[in-house]
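# Breakdown of the fold
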Amino acid sequence: STEAVVSTQSTGKLLSFGEEAEEDEGEVHQASSKIGKIASAHDRGNDPSLSKEVAVSDAQLVEDREKIKTQAERIRDKLKKEMDQVVVLFGLVDMLADPDWS
């Protein structure tokens, strides 16, 4: 898949208006460094309406992964058996279509 890459740093090459652009760029850089890292309400942990508990425990994630893995193995085995039957059937069709077979 193709993903767009967004740069957070300005090269100063686009829409440059000389010294004014350099001054603006400096102001933007200075302001963004004062703000620091932007964090969500969950990251900050100061919103009482948000749960402090995780939605799914690590143990549940492991259990779910194992179930999915087991289901995938069963599906893979079933498909392999069906493909083996298809190969046998095509072999019979080829044999019956052979004019030298009698």
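So, about the confidence of the model for the protein. In this model, the protein carries an average pLDDT of 77, and 67% of its residues clear a pLDDT of 70 or more. Per-element mean pLDDT across the protein ranges from 68 in helix α2 (residues 41-44) up to 92 in helix α3 (residues 58-97).

This part is about a negative patch on the surface. Among the surface-exposed residues, Glu22, Glu23, Asp24, Glu25 and Glu27 lie close enough to one another that they form a single negatively charged patch. When you line up the elements, Glu23 lands in helix α1 (residues 19-35).

This part covers the pattern of salt bridges. Taken as a whole and assessed by the stated rule, the structure comprises two salt bridges. Put simply, Glu63 and Lys67 hold a salt bridge, and the shortest N to O gap is 3.5 Å. One end of the pair is Glu63 and the other is Lys67, both in helix α3 and four residues apart, which spans about a single turn.

With that out of the way, let us pick up a nonpolar patch on the surface. On the surface, Val88, Leu89, Leu92, Met95, Leu96 and Trp101 cluster together to form a nonpolar patch covering roughly 590 Å² of accessible area. Following the sequence through the fold, Leu89 ends up in helix α3. For Leu89, a relative accessible area of 52% puts it in the exposed group.

Cut-off values and rules
Residues numbered from 1 in each chain as written. Predicted model: local features only at pLDDT ≥ 70, side-chain atom pairs only at ≥ 80, totals over all residues. Heavy atoms only, no water. pLDDT = per-residue confidence, 0-100. Helix = DSSP H or I, 4+ residues; strand = E, 2+ residues; numbered from the N terminus. Patch = residues over 30% accessible without salt bridge, like charges linked within 9 Å, V, L, I, M, F, W, Y side chains within 5 Å. Areas by Shrake-Rupley, 256 points an atom, 1.4 Å probe, with all protein chains shown as cover. Salt bridge = Lys/Arg side-chain N within 4 Å of Asp/Glu carboxyl O. Lys, Arg positive; Asp, Glu negative; His and termini not counted. Charge placed at Lys NZ, Arg CZ, Asp CG, Glu CD. Buried < 20%, exposed > 50% of the residue type's maximum accessible area, 1.4 Å probe, protein only.

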